Amino acid sequence: MKIKSILYMLVIVLTLNFVSSNVVLAAAVAPVPNYPPNAPVATPVVTPNPSVTPGPGVSEPIKEDNPWYMPDWVSALMEDFQQMNQTFKDLMSGKLIHDAIEGLIVSWVDEMMSPLYGAFAKSYLFSPRVAEISLVYSGWSIFSIIGLAAILAGSLVLAWNVIHGKKDLKKMLQAFIVSFVACLLSLTVLNFLNVLMNWITQKFLSGIIGTTDILYEGLKGDQILKSLILGADGITDAIYASKTLGEIVVATEGGIFTLLMFVTIVVVPLFFISVLKVLVLMMMAIFVAIWISYTAYSGKIETLIGFINIYIRTLLVGLISAIQYGIFVRLQTDYGEGAGFSSEIGVSPLVFMILSILVTVILIFVFWVRPLFRAIKQPMTLNGGATIEKFGKMGERTSAAMNSVGKRLGADSLQKSSLSLKQKSSRMAEVGKRMQTQQKGARRNRVASKLTGGISESIQGVKYTEPEALVSTGTMVSVGSGHLELEDVRIIESNQTVAKTLQKDKFEHAEVINIKSSERADMSRLISEIKPKYGERVNWNAREGKLTLKGDTGEIKERINGEMLFTATASDVQRGYYKNGLFIDTETLKTHVDGTEASKSELKKVKTLLPTYRKAALSADVATEAYKQLIQQVDKIPWVSKILLDNGALWIPEEHVSAAEETFKQILAKPEELVRLDLPKGNRFMPALEDHIKSKSKNKDLLAGLQFDSTNTYVIVKKDLEAAFKSALEEFRDGRTPYWRTREGNIKVIVDGEPVSYGQAPIPGMDMGSFENFQAEMINKHKS
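What you are looking at is a predicted structure, and each value in this text was computed from that prediction instead of being measured. Residues take numbers from 1 onward in each chain, read along the sequence in its written order. With pLDDT at 70 or above as the cut-off, local features in this predicted model cover only qualifying residues; side-chain atom pairs require 80 or more to be listed or tallied, and sums for whole chains, interfaces and linings still use all residues. Excluding hydrogens and water, the side-chain values take into account all heavy atoms of the structure.

### Considerations on a nonpolar patch on the surface
Reasoning step 1: Residues enter a patch when their relative accessible area is above 30% and they make no salt bridge; the linking distance is 9 Å between like charges and 5 Å between nonpolar side chains (Val, Leu, Ile, Met, Phe, Trp, Tyr). Where accessible areas are quoted, they stem from the Shrake-Rupley method and a 1.4 Å probe; at the residue level, only the protein chains shown are allowed to cover. Here, a salt bridge means any side-chain nitrogen of Lys or Arg that lies within 4 Å of a carboxyl oxygen of Asp or Glu. On the surface, Ile-177, Val-181, Leu-184, Leu-185 and Val-189 cluster together into a nonpolar patch covering about 420 Å² of accessible area.
Reasoning step 2: The helix and strand labels rest on DSSP assignments: H or I over at least four residues marks a helix, E over at least two residues marks a strand, and numbering proceeds from the N terminus. Following the sequence through the fold, Leu-184 ends up in helix H6 (residues 170-209).
Reasoning step 3: Taking relative accessible area as the criterion, Leu-184 reaches 45% and is therefore assigned partly exposed. Relative accessibility thresholds used throughout: buried, under 20% of the residue-type maximum; exposed, over 50%; partly exposed, between the two (1.4 Å probe, protein chains only).

Here it is as structure tokens:
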């Protein structure tokens, strides 16, 4: 029995030894430890196993010499027992089964992914050069010949009609000629866009990853995927070239789970995106001539817009993928060098990378796949109408943001631009909506109306209505400059000092009597009589009604009172000093010049002798607040130290008036709300309206705050004057007949909803601009 038990044990040992050898061979290559790229790699400990041939780069276990007393067969038997013991431990712990399963899965994954590498290499990061693909060139050539022939035939017919006097077809002929050239150069242009986008992508990758010597367009598919895990070493380090992608991924944290996640979330979705991108670019390049010729014949510009939208989005898919790729290759590279964001927080960027790919796939779906499917549903227009409407709405949102920023910064030009953008965007959105109704172009309807003399419009029941007189586009906020009003020059000094200074300068005592307007004629006659006797002692300013008497005034006043009875009171009499037309009131210290050059010269001289000030025309509260604000800035504005505040009156030195006016522009500035009002588009009566308001409006504030833009047919007016402008516009429109002018110069007037031909422009009339533009608007309105 013992002998039989020993034999059973030997059979079990040999069987386990055989299984372990074959399982190890099935595992083939030991997993790569999860070392960060570029990090020092410790030499792995290899368990001696005589039955396994060491792989490349693995040395055989060093055999120690046996003691002299131990035969070789005993030593070999002991090694076999050790190996059997290790194999039994591995079997009991599940390691052999785990290694076998892992090796099998890695092998399957590598076999599955190997055919996908070609798509990654050719189109994941970059776009194929469509002109260099033989299938594309052949297909494009066939359809281009068809498209060019169709466009050429249409051009010849249109040219014949234009030569025979149908001038309204001239723009259609121009559109056909442009379409012919576009069809001829289409493949070259598309290929140029691909090359340009690839160049931009190369620059992006070089800048993000920080390399200049790698041609990313020449990378293999497995290199691209390896570098997402290993960083730049996955491209440049030859050590990883012999490793399969499965072996590298399974050696990372997570093992088989990470490998499966990598395949399902990263490899498979990106493969389908790359293939779909190539197919879309190829199909669009092959059939581009058909879309161009359809645009020429149908007049539907949305087809061209839809084509450009989808093609540009398709090219940008590669750029989006490249930016994500560059960022995470850089993260992996930095992590391997013990630096970067991931290293700081201690989390492997491999996890971030897998999640970011998921986010990128969702972004690409929203940005590209969904619009692509919508375009496929409308193969002839490629959903261009919705694209135009979307751009219009984006423009409206952008204009709102610009307007808000402009208000906060007080930038009038930015606010004006935002309101113009809002108007254009709104019109674009409306055009996009109209295009989606699949109605025929307004151009074709206008041609039909021209050929039938308007019968086609009458049959369709198109009715003409005058456009709205005024439409509010939006508001602006303008911080206008304040204006400082100043009173006449006044001397700020004691009366005694003023009297001594003026007497020393040969000023004479004088009185100024203010004569009422009803008495000025009689005074003029009396002065002409007494002037010869009193000479320069009497000075009469008939325009202002001021009688100036110099020296001893008693005798003169008695003579005047004897000749006429005037009703001057004490308040009408000012006493002071006079010289050469300059009078200075010694009570109020105000100065008054009679307008002559002598008086102005004398005033300049007095300013050098005495301190002269000008009073700011401000209320006491505003003057006091302004003084407090200015006096705090004395270090920055030195002249502020010389201003005076006396009983709520702010006095500014005469020599600093100019500087004070500039400063008070900011202090007295107030925000004003403005509104933009759009008049009928394309009208030509704006200059006449402006002249009417200037000549007949009694509202001076309206004239001062009104901004006209005749080119874009809008006005900007203060919000509180909006009603006044509308009233002025109604006054201008009252009695005027609106009329439109055709390209041939004919006048059209709307009567009972019909455009009626007029011999001449009506007087008074309102020139509303182009009849063709108005006609297109009415036809589109009817179709809607």
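Anyway, onward from the coordinates.
### Examining the pairing of strand E15 (residues 737-741)
Reasoning step 1: The pairing criterion is simple: DSSP has to find at least two bridges between the two strands. Here E15 pairs with strand E18 (residues 765-770) via four bridges, running parallel. What sits directly across from Arg-741, in E18, is Ser-770.
Reasoning step 2: The pairing of E15 with strand E16 (residues 747-751) spans two bridges and is antiparallel. Looking across to E16, one finds that Arg-741 is bridged to Ile-747.
Reasoning step 3: Counting the residues between successive antiparallel strands, the hairpin from E15 to E16 contains five residues, one of them, Gly-745, with a positive phi of roughly 95°.

### Looking at the pattern of salt bridges
Reasoning step 1: Counted according to the given criterion, the structure contains 13 salt bridges.
Reasoning step 2: Across the pair Glu-389 and Lys-393 runs a salt bridge, and its minimum N-O distance is 3.3 Å. With Glu-389 and Lys-393 both in helix H14 (residues 384-409), this residue pair falls four residues apart, about one helical turn.
Reasoning step 3: Since its relative accessible area comes to 36%, Lys-393 is described here as partly exposed.
Reasoning step 4: Here Lys-726 ties to Glu-722 by a salt bridge, and the two come within 3.3 Å at their closest N and O atoms. Residue Lys-726 and its partner Glu-722 are both found in helix H26 (residues 722-733); the two are separated by four residues, about one turn of the helix.
Reasoning step 5: Shared partners join several salt bridges into a network, and the residues in it are Asp-505, Lys-579, Glu-602 and Lys-605.

### Considering the pairing of E16
Reasoning step 1: Among the five residues of E16, four are classified as buried, and the element is accordingly described as predominantly covered.
Reasoning step 2: Direction of pairing for E16 relative to strand E17 (residues 754-758): antiparallel, over a ladder of five bridges. Counted as the bridge partner of Val-751 is Glu-754 from E17.
Reasoning step 3: Following E16, the chain reverses through two residues before pairing antiparallel with E17; Asp-752 in that reversal takes a positive phi of roughly 55°.

### Remarks on unusual backbone geometry
Reasoning step 1: Each neighbour pair has its own omega, and for Ile-763 with Pro-764 the value is -5°, a cis peptide bond.
Reasoning step 2: Located in the positive-phi region is Asn-383, a residue other than glycine, with phi close to 60°.
Reasoning step 3: Residue classification places Asn-383 among the buried positions, given a relative accessible area of 13%.
Reasoning step 4: With a phi close to 55°, Asn-647 is a non-glycine residue in the positive phi region.
Reasoning step 5: Along the chain, Asn-647 falls in the loop between strand E10 (644-646) and strand E11 (649-653).

### Some points on the confidence of the model for the protein
Reasoning step 1: Confidence of the prediction at every residue is given by pLDDT, a number between 0 and 100. The share of residues in the protein with pLDDT of 70 or more is 75%, and the mean pLDDT across the chain is 75.
Reasoning step 2: The weakest mean pLDDT in the protein belongs to helix H1 (residues 2-27) at 43; the strongest belongs to helix H13 (residues 349-377) at 87.
Reasoning step 3: Any pair of residues with heavy atoms lying within 4.5 Å of one another is described as a contacting pair. Below a pLDDT of 50 lies the segment residues 5-63, which in the model reaches 46 contacts outside its immediate sequence neighbourhood of four places, other chains included.
Reasoning step 4: Between residues 91-98, whose pLDDT stays under 50, and residues either more than four places distant or in other chains, the model counts seven contacts.

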